[in-house]
Amino acid sequence: STHRKGLRQHSAQSLIASASCLQCRVRKQDMVAEREAKWTKDGQHPQQMEVPGDVILISGCSDEQTSADVYNVEQIGHMACGPGGAGGACTTSLLLCLQKTPKPAMIDMLVEMRKVLKQKGYTQVPQLSGSHDISLKTAFSVRNGGGGGKTRALFVGINYVGQKGELRGCHNDVETMKAYIASQGYDEKNMRVLMDTKQHQQPTKDNILAGFKWLVKDAKAGDSLFFHYSGHGSQLPDDNGDEADGYDETLVPVDYHRAGQIRDDTIFQELVAVLPKGCKLTCVMDCCHSGTIMDLPYIFTADNEGISGYNSGKINNLQQNPEFNWSKAAMVGLELFKMYHQGASGMQIATRGVGLLNQAGFDWMKFLEIAVTVILMLVARRPFPDIMKAGQQIIARPRANPQGRKVPAKVN
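Fair warning: this is a prediction, and the values are worked out from it, not measured in the lab.

### A short note on the pattern of salt bridges
Thinking step 1. For the structure on display, the rule yields 5 salt bridges.
Thinking step 2. For E270, the salt bridge goes to K213, with nearest N and O atoms at 3.0 Å. Note that E270 is positioned in helix 8 (residues 264-272) and K213 in helix 6 (residues 205-216), a separation of 57 residues in sequence.

Dropping the structure here:
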């Protein structure tokens, strides 16, 4: 589409502008030309690095949209489970779809969700994001097809009781989603619930981040993990130059006035980058501005254009997310670090790293600087989080907010 082409061109121009010398700039221009040629040839995108884990995200709306808080879920055909019968439109439409068809194809699930929302006057468009370019015909399941692993689920529901912007349906969303997940064979002993009620652990920023760490702790191939969030979502001005639209998407904890919000960069680092190959994580985000809130590399939007593309045979899989910045996957560093600890030789680590960086069209000047920094910090026995932070600072340093927008933080 023209929109996606524009984003690709903007990304390409940013890539050129970041070069720090003429030689590097010429190399950058060559890389951009090569990538643009591959993108436009037969509509294909160049092969990308892979995020190791199998992650999918169902979000109720795109980044620029807000998500509805349905005060009476019976209006859209879903039985209420709690006081007031309230619920989030995304959670409600998803569960209604799964009640009708227990294991729908991904595309059928998204189309049905949009149909339900549209019939009841909601304009939000569901999206599916993933760590891999999976087929849209893949059957939806919250269980790992490999089997044999543990199950673990984290639920966060925030009504912001007594605060400005109070919601009504988020607690009910958690209860209905928890019941569904239990029906899919998840062990209730391995479920953690955060809600702003007297009976539950509070969904503060610290508790949510601790929940992320609990969810992925000791994750292995074959494991089935699940995360559901129902509450406010927002946007903040991008703080490290990695967002094409100049904004980070955020989750809004109950104590956001004091502790701040949780940026998509943090969500990616805590939930996505740390997962091993063969581990499955399914996420449902029922909040505003949630389209790319996990910064996953592939995406499908169930709007008219997306559905038309699927029906015509032009789109069969998740498509490359034009806003995904592969420098986030300096999570490449995570893989190389694991190789280092597993006793891989310097040549094996270098060969693997060069291969991943080539696939990403990485800036070699930055790579050399990062390589020297990492080596020196390893020799000094600095902790890995410090090494990752140093590498990310090098990656982000030359880049500014792509559109230079300065906007006040807002909560929807």
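Let us keep going from here.
### Here's the deal with the packing of helix 3 (residues 89-100) against helix 4 (residues 106-119)
Thinking step 1. Orientation of helix 3 relative to helix 4, taken along the N-to-C sense of each, is 120°, at an axis distance of 9 Å. Compared by their axis directions, helix 3 and helix 4 come out oblique. Along this stretch, helix 3 crosses helix 4, giving a crossing that reads as right-handed. Taking contact as the criterion, the partners of A89, C90, S93, L94, L96, C97 and K100 in helix 3 are, on helix 4, M109, E112, M113, V116 and L117.
Thinking step 2. Here the residues of the contact of helix 3 with helix 4 are counted per class, giving 9 nonpolar, 1 polar and 2 charged.

### Quick look at the pairing of strand 4 (residues 127-130)
Thinking step 1. Going residue by residue along strand 4, you find Q127 and S129 tucked away on one face and L128 and G130 tucked away on the opposite face as well.
Thinking step 2. As defined by bridge partners, strand 1 (residues 54-59) adjoins strand 4 across 4 bridges and the pair is classed as antiparallel. Bridge assignment links S59 to a residue of strand 4, and that residue is Q127.
Thinking step 3. In this structure, strand 4 lies alongside strand 12 (residues 298-301), joined through 4 bridges in antiparallel fashion. Looking across to strand 12, one finds that S129 is bridged to I299.

### Let's talk about unusual backbone geometry
Thinking step 1. For Y160, which is not glycine, the phi torsion reads 55° and is therefore positive.
Thinking step 2. Assignment of secondary structure puts Y160 in the loop between strand 5 (151-157) and helix 5 (170-183).
Thinking step 3. What makes Y160 buried here is its relative accessible area of 1%.
Thinking step 4. Of note in the backbone geometry, D218 takes a positive phi value of approximately 55° without being a glycine.
Thinking step 5. Mapped onto the elements of the fold, D218 is located in the loop between helix 6 and strand 7 (224-230).

### A word on the sheet that holds strand 11 (residues 280-286)
Thinking step 1. The mixed open sheet is built from 8 strands, whose spatial order is 6-5-7-11-1-4-12-13. Of all the strands in the sheet, just strand 6 (191-195) and strand 13 (319-320) have a single pairing partner and so form its edges.
Thinking step 2. As defined by bridge partners, strand 12 adjoins strand 13 across 2 bridges and the pair is classed as antiparallel. Following the sheet pairing, Y298 is matched in strand 13 by Q320.
Thinking step 3. Where helix 5 meets the sheet, it contacts strand 5, strand 6, strand 7 and strand 11, and its direction lies at approximately 165° from that of strand 5.
Thinking step 4. This element, helix 6, spans strand 5, strand 6, strand 7 and strand 11 of the sheet and lies at about 165° to strand 5.

### Here we look at the confidence of the model for the protein chain
Thinking step 1. In the predicted model, the protein chain carries a mean pLDDT of 75, and 65% of its residues have values of at least 70.
Thinking step 2. In this model, residues 398-412 is a region of pLDDT below 50 whose contacts with residues beyond four sequence positions or in other chains number 34 contacts.

### Considerations on helix 5
Thinking step 1. With 14 residues, helix 5 ought to run about 20 Å at 1.5 Å a step, and its terminal C-alpha atoms sit 20 Å apart, in line with that.
Thinking step 2. Of all the positions in helix 5, only C170, H171, N172, D173, V174, T176, M177, Y180 and I181 are classed as buried.
Thinking step 3. Where helix 5 ends, the next residue or the one after it, G185, has phi of about 95°, a positive value.

### So, the nonpolar core
Across soluble globular proteins, you tend to see nonpolar side chains buried next to one another.
Thinking step 1. Counting 38 residues, the largest nonpolar core has F227, Y229, L251 and M294 as the members making the most contacts within it.
Thinking step 2. For this core, the secondary structure elements donating two or more residues are strand 1, strand 5, helix 6, strand 7, helix 8 and strand 11.
Thinking step 3. In terms of residue count, the dominant contributor to this core is helix 6 (5 residues).
Thinking step 4. Setting aside anything within four residues of it in sequence, one finds M294 in contact with V55, L57, I267, F268, L271, V272, L281, C283 and M285.
Thinking step 5. Counting residues in hydrophobic clusters, the runner-up holds 37 residues, among them C90, M109, L128 and V284.

### Some points on the pairing of strand 7
Thinking step 1. Burial runs high along strand 7: 7 of the 7 residues are buried.
Thinking step 2. Here 7 bridges tie strand 5 to strand 7, and the two strands are oriented parallel to one another. Paired with G157 across the strands is S230, a residue of strand 7.
Thinking step 3. Bridge count for strand 7 against strand 11 is 7 bridges, and the pairing is parallel. Each bridged residue has a counterpart across the sheet, and for S230 the counterpart in strand 11 is D286.

### Focus on the packing of aromatic side chains
Here a ring pair, both rings aromatic, is described through the centre-centre distance and the interplanar angle of the planes.
Thinking step 1. Taken as a whole and judged by the stated rule, the model has 2 aromatic pairs.
Thinking step 2. Ring centres of F155 and F226 lie 6.0 Å apart, and the angle between their planes is 50°; on these two criteria the pair is classed as tilted. With F155 in strand 5 and F226 in strand 7, the pair connects residues that are 71 residues apart, well separated along the chain. With respect to burial, F155 and F226 carry one shared label: buried.
Thinking step 3. Aromatic side chains F212 and F227 sit 5.3 Å apart centroid to centroid with 90° between the ring planes, which places their arrangement in the edge-to-face category. Of this pair, F212 sits in helix 6 while F227 sits in strand 7, and the two are 15 residues apart along the sequence. The burial state of F212 is the same as that of F227; both residues are buried.
Thinking step 4. Seen from the ring of W214, R152 lies directly overhead, with NZ or CZ sitting 5.2 Å from the centre.

Definitions and limits used
Residues numbered from 1 in each chain as written. Predicted model: local features only at pLDDT ≥ 70, side-chain atom pairs only at ≥ 80, totals over all residues. Heavy atoms only, no water. Salt bridge = Lys/Arg side-chain N within 4 Å of Asp/Glu carboxyl O. Helix = DSSP H or I, 4+ residues; strand = E, 2+ residues; numbered from the N terminus. Axes fitted to C-alpha atoms, helices over the stretch in contact; angles between N-to-C directions. Parallel < 35°, antiparallel > 145°, perpendicular 65-115°, else oblique. Left-handed = near helix turned anticlockwise from the far one by under 90°. Contact = heavy atoms within 4.5 Å. Nonpolar A, V, L, I, M, F, W, Y, C, P; charged D, E, K, R; others polar. Buried < 20%, exposed > 50% of the residue type's maximum accessible area, 1.4 Å probe, protein only. Pairing = 2+ DSSP bridges. pLDDT = per-residue confidence, 0-100. Expected span 1.5 Å × (residues − 1). Core = buried A, V, L, I, M, F, W, Y, C linked by side-chain atoms within 4.5 Å. Phe/Tyr/Trp six-rings, centres within 6.5 Å; stacked < 30°, edge-to-face > 60°. Lys NZ or Arg CZ within 6 Å of the ring centre and 35° of its normal.

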